[in-house]
Amino acid sequence: RDITDKERADSTVRYRITLLAGGFLLLAVFIVSLSVGRYQVSFLNTMRILLNRIFPLIQTWDNKTEAVIMTLRLPRCLAAVLIGSALSLSGSCYQ
């Protein structure tokens, strides 16, 4: 059976929605994982610390909090995302 243009378009739309939802979910979990830990940092402070690297913001947090986010949690979360994506890519290639 041949695929019609409507079915192909529907499949493309579903693929894009799934990809966007997955990207937003990854971003949300990434930011939440920066906030959660032994040293509790609020979600708002985490966002301010991250945005402070891009936009000049007034510092309302202490330097210890910024050090925890930027030197401990951010590299670990970035490594987790990169390792997870590499594992998923290698798994799909192996199939």
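Note that this is a predicted model, so its numbers are computed, not measured.

Visitor: Report on the overall build of the protein chain, specifying residues and quantitative values.
Guide: A tally of regular secondary structure across the protein chain gives three helices and zero strands. Put simply, the protein chain runs from its N terminus to its C terminus through helices and strands in the order α-α-α. Taken over the C-alpha trace, the protein chain has a radius of gyration of 19 Å; the compact-globule value for 95 residues is 12 Å, which it surpasses by more than 25%. If one aligns the C-alpha atoms of the protein chain with their principal axes, the spans along those axes are about 65 × 30 × 20 Å. Looking at the protein chain residue by residue over its 95 residues, the buried ones come to 18%. Across the protein chain, the fraction of contacts at a sequence separation of at least 24, relative to all contacts at a separation of at least 6, is 44%. Counting only carbon and sulfur atoms, one obtains 67% of the accessible surface of the protein chain, whose full area is about 7700 Å². With 11 positive and 6 negative side-chain charges, the protein chain shows a separation of 13 Å between the mean positions of the two kinds.

Visitor: Describe a nonpolar patch on the surface, with residues and values.
Guide: On the surface, Leu51, Ile54, Phe55 and Leu57 cluster together into a nonpolar patch covering about 380 Å² of accessible area. Relative to the helices and strands, Phe55 is located in the loop between helix 2 (43-52) and helix 3 (63-94).

Visitor: Now, about the packing of helix 1 (residues 5-35) against helix 3: what can you tell me, with residues and values included?
Guide: The N-to-C vectors of helix 1 and helix 3 enclose an angle of 145°; their axes lie 9 Å apart at closest approach. The crossing of helix 1 and helix 3 is right-handed. Contacts between helix 1 and helix 3 involve Leu26, Phe30, Ser33, Leu34 and Ser35 on the former and, on the latter, Ile69, Arg73, Leu74, Cys77, Leu78 and Val81. Class assignment of the residues belonging to the contact of helix 1 with helix 3 gives a composition of eight nonpolar, two polar and one charged.

Visitor: Help me get a handle on helix 3, residues and values and all.
Guide: Since the α-helix packs 3.6 residues into each turn, any two residues three or four apart lie on the same face. With 32 residues, helix 3 extends 45 Å between its outermost C-alpha atoms, agreeing within 8% with the 46 Å of an ideal straight helix rising 1.5 Å per residue. The principal kink in helix 3, of about 40°, is found at Arg73, preceding the proline Pro75 by one to four residues. Residues of helix 3 that are buried: Thr65, Glu66, Val68, Ile69, Met70, Arg73, Leu74 and Cys77. Those residues of helix 3 hidden inside the fold are in contact with helix 1 and helix 2.

Visitor: So, the nonpolar core: which residues are in play, and what are the values?
Guide: In this structure, Phe30, Ile31, Leu34, Val41, Ile49, Trp61, Ile69, Met70, Leu74 and Cys77 together form the largest nonpolar core, which totals ten residues. For this core, the elements supplying multiple residues, two or more each, are helix 1 and helix 3. When residues in this core are grouped by element, the largest group, four residues, is from helix 3. When residues no more than four places from it in sequence are discounted, the contact partners of Ile69 are Leu34, Val41, Thr46, Ile49, Leu74 and Pro75.

Visitor: Residues and numbers for the pattern of salt bridges, please.
Guide: Evaluated as defined, the whole model comprises one salt bridge. As a salt-bridge pair, Arg53 and Glu66 come within 3.2 Å of each other at their nearest N and O atoms. Highlighted residues: Arg53 in the loop between helix 2 and helix 3 and Glu66 in helix 3, separated in sequence by 13 residues. Judged by relative accessible area, Arg53 falls into the exposed class, the value being 52%. Owing to a relative accessible area of 14%, Glu66 belongs among the buried residues under this scheme.

Visitor: Talk me through helix 1; I want residue IDs and the actual numbers.
Guide: Look at helix 1: 46 Å from first C-alpha to last across 31 residues, which is about the 45 Å you get at 1.5 Å a residue. When helix 1 is considered as a whole, its buried residues turn out to be Phe30, Ile31, Leu34 and Ser35. Elements that come into contact with the buried residues of helix 1 comprise helix 2 and helix 3.

Scoring rules and cut-offs
Residues numbered from 1 in each chain as written. Predicted model: local features only at pLDDT ≥ 70, side-chain atom pairs only at ≥ 80, totals over all residues. Heavy atoms only, no water. Helix = DSSP H or I, 4+ residues; strand = E, 2+ residues; numbered from the N terminus. Rg over C-alpha atoms; globule rule 2.2 N^0.38 Å. Buried < 20%, exposed > 50% of the residue type's maximum accessible area, 1.4 Å probe, protein only. Contact = heavy atoms within 4.5 Å. Areas by Shrake-Rupley, 256 points an atom, 1.4 Å probe, with all protein chains shown as cover. Lys, Arg positive; Asp, Glu negative; His and termini not counted. Charge placed at Lys NZ, Arg CZ, Asp CG, Glu CD. Patch = residues over 30% accessible without salt bridge, like charges linked within 9 Å, V, L, I, M, F, W, Y side chains within 5 Å. Salt bridge = Lys/Arg side-chain N within 4 Å of Asp/Glu carboxyl O. Axes fitted to C-alpha atoms, helices over the stretch in contact; angles between N-to-C directions. Left-handed = near helix turned anticlockwise from the far one by under 90°. Nonpolar A, V, L, I, M, F, W, Y, C, P; charged D, E, K, R; others polar. Expected span 1.5 Å × (residues − 1). Bend = angle between axes of the 7 residues up to and from the residue. Core = buried A, V, L, I, M, F, W, Y, C linked by side-chain atoms within 4.5 Å.

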